[in-house]
Amino acid sequence: PALLSCHIVCNMPFVCAPPETSLLRMTRGRRSQVEQQQHISVEKAMEILSEHTPPLIVNHQDLKDLLNEVVSRTEGFEVYQLEKLYALLCQCIYRHRRDYDKTALIQEMNKEIENFT
């Protein structure tokens with residue numbers, strides 16, 4: 001019966017495990033994830049969804065210039081150097097993740113690239 005229901009759902013007989021063996025083990029990481037999930041009411045969810053979202057401001061030419069600059073400055077870099085720069089730029093993006101005006105992000109990334117090379 002488990003194989004039949006699996007075949008109906010995924011159309012791949014003999015591939016899927018029976019439901020009783022496909023349950024996830026509760027690890028510390030999964031437990032932490034579950035504990036961190038916040039349950040909110042439908043009304044609160046609808047309120048959040050109906051909030052006005054400001055427009056995203058991105059200067060596309062500055063972004064293209066940033067890309068060209070990072071490509072030219074990293075010519076001949078080793079993989080570990082590229083990974084390090086990638087990590088620094090990801091940190092910039094994370095710090096500005098809630099900003100709708102990305103001008104400061106692009107400026108900060110330019111400074112990181114100048115200081116790195």
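Source: prediction; values computed, not measured.

Draft legend 1. Quick look at helix 5 (residues 79–95). Relative to the 24 Å expected for 17 residues at 1.5 Å per residue, helix 5 spans 24 Å between its end C-alpha atoms, a close match to the ideal helical length. Turning to helix 5, its buried residues are Leu85, Leu89 and Cys92. Buried residues of helix 5 fall within an arc of 45° about the axis and therefore sit on the same side. Exposed side chains of helix 5 directed beyond 90 degrees from the buried face belong to Val79, Tyr80, Glu83, Lys84, Tyr86 and Tyr94. Taken together, the buried residues of helix 5 touch helix 4 (60–73) and helix 6 (103–116).

Draft legend 2. The pattern of salt bridges, seen in detail. Taken as a whole and judged by the stated rule, the model has three salt bridges. A salt bridge links Glu47 to Lys44; the shortest N-O distance between them is 3.9 Å. On the criterion of helical spacing, the pair formed by Glu47 and Lys44 is a turn pair, its members being three residues apart in helix 3 (residues 42–50). According to the relative accessible area criterion, Lys44 is partly exposed, its value standing at 38%.

Draft legend 3. Expanded view of the confidence of the model for the protein chain. Across the protein chain, the average pLDDT comes to 80, with 74% of residues at or above 70. When the criterion is pLDDT under 50, residues 1–19 qualifies, and its contacts beyond four places in sequence or with other chains add up to ten contacts.

Draft legend 4. Here's a closer look at the packing of helix 4 against helix 6. Contact geometry for helix 4 and helix 6: axes closest at 11 Å, N-to-C directions at 10°. Taken together, the axes of helix 4 and helix 6 lie roughly parallel to each other. Judged by the twist between their axes, the crossing of helix 4 over helix 6 is left-handed. Where helix 4 approaches helix 6, its residues Asp62, Leu63, Leu66, Val70 and Arg73 are matched on the opposing element by Ile106, Met109, Asn110, Ile113 and Glu114. Here the residues of the contact of helix 4 with helix 6 sort into six nonpolar, one polar and three charged.

Draft legend 5. A look at the packing of aromatic side chains. Under the counting rule described, the total for this entry stands at one aromatic pair. Plain terms: the ring middles of Phe77 and Phe116 are 6.2 Å apart, the flat faces sit at 50° to each other, and that makes the pair tilted. Note that Phe77 is positioned in the loop between helix 4 and helix 5 and Phe116 in helix 6, a separation of 39 residues in sequence. A relative accessible area of 23% places Phe116 in the partly exposed class. It is Arg97 that lies over the ring of Tyr94; its NZ or CZ is 3.8 Å from the centre.

Quick notes on the rules
Residues numbered from 1 in each chain as written. Predicted model: local features only at pLDDT ≥ 70, side-chain atom pairs only at ≥ 80, totals over all residues. Heavy atoms only, no water. Helix = DSSP H or I, 4+ residues; strand = E, 2+ residues; numbered from the N terminus. Expected span 1.5 Å × (residues − 1). Buried < 20%, exposed > 50% of the residue type's maximum accessible area, 1.4 Å probe, protein only. Arc of directions from axis to C-beta. Contact = heavy atoms within 4.5 Å. Salt bridge = Lys/Arg side-chain N within 4 Å of Asp/Glu carboxyl O. pLDDT = per-residue confidence, 0-100. Axes fitted to C-alpha atoms, helices over the stretch in contact; angles between N-to-C directions. Parallel < 35°, antiparallel > 145°, perpendicular 65-115°, else oblique. Left-handed = near helix turned anticlockwise from the far one by under 90°. Nonpolar A, V, L, I, M, F, W, Y, C, P; charged D, E, K, R; others polar. Phe/Tyr/Trp six-rings, centres within 6.5 Å; stacked < 30°, edge-to-face > 60°. Lys NZ or Arg CZ within 6 Å of the ring centre and 35° of its normal.

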